[in-house]
Amino acid sequence: MKVGSEVKRPYQSTLRGAQAQSTREAVIAAAARLFAQKGYAATSIDEIAAAAGVSRATVFTSVGGKAKLLKTALDVAIVGDDEPVALPDRPRSKAIRAEPDPRKYLALYAELVTEIDGRLSGIHEAVRGAADVDPKARALWESHLAQHRRGAANVIGDLTRKGGIRPGLDPESAADIVWLLGPGAYDMLVRRRGWSPSRFQAWLTETFISQLLPGGTEPSRRHASKKTRAVERRQGQAK
């Protein structure tokens, strides 16, 4: 009997672990959805528990209190799962950074950003709102902004190694541009203005290239010049 019990134990432990992880994921998903829909302050632990189909106590044991739920939901939205692997250490991020052509690199990066922002923009705005009512949420918001700014600086570092950025644009300002075009831009254009994600991705790619790369603004100048000449011709004919 003792031997049989020991044989069953690893299986039972694995099953319990899978069930616990499934419960944790349900709680995180419910919290993220409610925070995005109702806001942090207006969402209660009881509502999260009901949405996840678990008890109030289970919410605390599987993830934690509201501040911990907010941070975990944000982390999961950024990387797409609950695995403890940072975004830069993931295979896709490494493959993008290995792309030698700066234009292809920015196109791949814009694709990744669009996918991440599709998951992130709702909880991003929830964290922004929570920062005004909860000190822990304020610390999370500031940490999130700082982390995003470091990621933007890494993008400019990559571009510098791949051939350099636009003349006259210093690295700090270039990183600020990348930093600005993050989840907030996605929220405004896709969630609020109704752009499709594919339209946002195309615009983001074009904007990155035109703002950051040498010669990236030349097509815009040529286009603007043609429009200017056309207007001048019409004005001349009117006279």
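We now turn to the structure provided with this report.

**Brief notes about the packing of helix H9 (residues 183-192) against helix H10 (residues 197-212)**
The relative placement of two packed helices comes down to the angle between their axes together with the axis-to-axis distance.
Okay, so step 1: Running from N to C, H9 and H10 cross one another at 135°; their axes reach a closest spacing of 10 Å. Compared by their axis directions, H9 and H10 come out oblique. In terms of crossing hand, the pair formed by H9 and H10 is right-handed. Between H9 and H10, the residues in contact are Ala 185, Tyr 186, Leu 189 and Val 190 and Pro 197, Phe 200 and Trp 203, respectively.
Okay, so step 2: Split into classes, the residues belonging to the contact of H9 with H10 amount to seven nonpolar, no polar and no charged.

**What about the nonpolar core?**
Okay, so step 1: Formed by 60 residues in total, the largest nonpolar core has its most connected members in Ile 123 and Leu 212.
Okay, so step 2: Counting residues per element, the ones that place at least two in this core are helix H1 (2-38), helix H2 (45-52), helix H4 (66-79), helix H6 (102-130), helix H7 (135-161), helix H8 (171-180), H9 and H10.
Okay, so step 3: Ranked by residues supplied to this core, first place goes to H6 with twelve residues.
Okay, so step 4: Once residues within four sequence positions are removed from consideration, Ile 123 is found in contact with Ala 32, Phe 35, Ala 36, Leu 70, Ala 73, Leu 74 and Ala 77.

**Focus on the pattern of salt bridges**
Okay, so step 1: Throughout the structure, instances matching the rule amount to 16 salt bridges.
Okay, so step 2: Salt-bridge contacts for Glu 115 lead to Arg 92; the nearest nitrogen and oxygen are separated by 2.7 Å. Here the residue Glu 115 occupies a position in helix H6, and Arg 92 occupies one in helix H5 (residues 91-98), the gap between them amounting to 23 residues.
Okay, so step 3: Overall, Glu 115 belongs to the partly exposed group, its relative accessible area being 38%.
Okay, so step 4: Among the salt bridges present, the one from Asp 187 reaches Arg 191, with a minimum N-O distance of 2.5 Å. Taken together, the residues Asp 187 and Arg 191, both in helix H9 and four residues apart, mark about one turn of the helix.

**Points about the side chain of Glu 125**
Okay, so step 1: The residue Glu 125 is located in helix H6 in this model.
Okay, so step 2: In this structure the side chain of Glu 125 is engaged in a polar contact, spanning 3.1 Å, whose partner is the side chain of Arg 128.
Okay, so step 3: Residues contacting Glu 125, with those up to four places away along its chain left out, are Gly 184, Asp 187 and Arg 191.

**Re the packing of aromatic side chains**
Okay, so step 1: With the rule as written, the count across this model stands at five aromatic pairs.
Okay, so step 2: Between Tyr 109 and Phe 208 the ring centres are 5.6 Å apart and the planes differ by 40°, which places this aromatic pair in the tilted class. On the criterion of sequence distance, the pair formed by Tyr 109 in helix H6 and Phe 208 in helix H10 is long-range, its members being 99 residues apart.
Okay, so step 3: You can call Tyr 109 buried: its relative accessible area is 15%.
Okay, so step 4: Taking the relative accessible area as the measure of exposure, Phe 208 reaches 0% and is therefore buried.
Okay, so step 5: Seen from their ring centres, Phe 200 and Trp 203 are 5.7 Å apart, and the 45° between their planes marks the pair as tilted. Of this pair, Phe 200 and Trp 203 both sit in helix H10, separated by three residues, roughly a single helical turn.
Okay, so step 6: Taken together, the ring pairs in this structure connect Tyr 186, Trp 195, Phe 200 and Trp 203 into an aromatic cluster.
Okay, so step 7: Directly above the aromatic system of Tyr 40 lies the positively charged group of Lys 66, at a separation of 4.5 Å from the ring centroid.

Calculation criteria
- Residues numbered from 1 in each chain as written.
- Predicted model: local features only at pLDDT ≥ 70, side-chain atom pairs only at ≥ 80, totals over all residues.
- Heavy atoms only, no water.
- Axes fitted to C-alpha atoms, helices over the stretch in contact; angles between N-to-C directions.
- Helix = DSSP H or I, 4+ residues; strand = E, 2+ residues; numbered from the N terminus.
- Parallel < 35°, antiparallel > 145°, perpendicular 65-115°, else oblique.
- Left-handed = near helix turned anticlockwise from the far one by under 90°.
- Contact = heavy atoms within 4.5 Å.
- Nonpolar A, V, L, I, M, F, W, Y, C, P; charged D, E, K, R; others polar.
- Core = buried A, V, L, I, M, F, W, Y, C linked by side-chain atoms within 4.5 Å.
- Buried < 20%, exposed > 50% of the residue type's maximum accessible area, 1.4 Å probe, protein only.
- Salt bridge = Lys/Arg side-chain N within 4 Å of Asp/Glu carboxyl O.
- Polar contact = N/O pair within 3.5 Å; in protein donor to acceptor, adjacent residues only side chain to side chain.
- Phe/Tyr/Trp six-rings, centres within 6.5 Å; stacked < 30°, edge-to-face > 60°.
- Lys NZ or Arg CZ within 6 Å of the ring centre and 35° of its normal.

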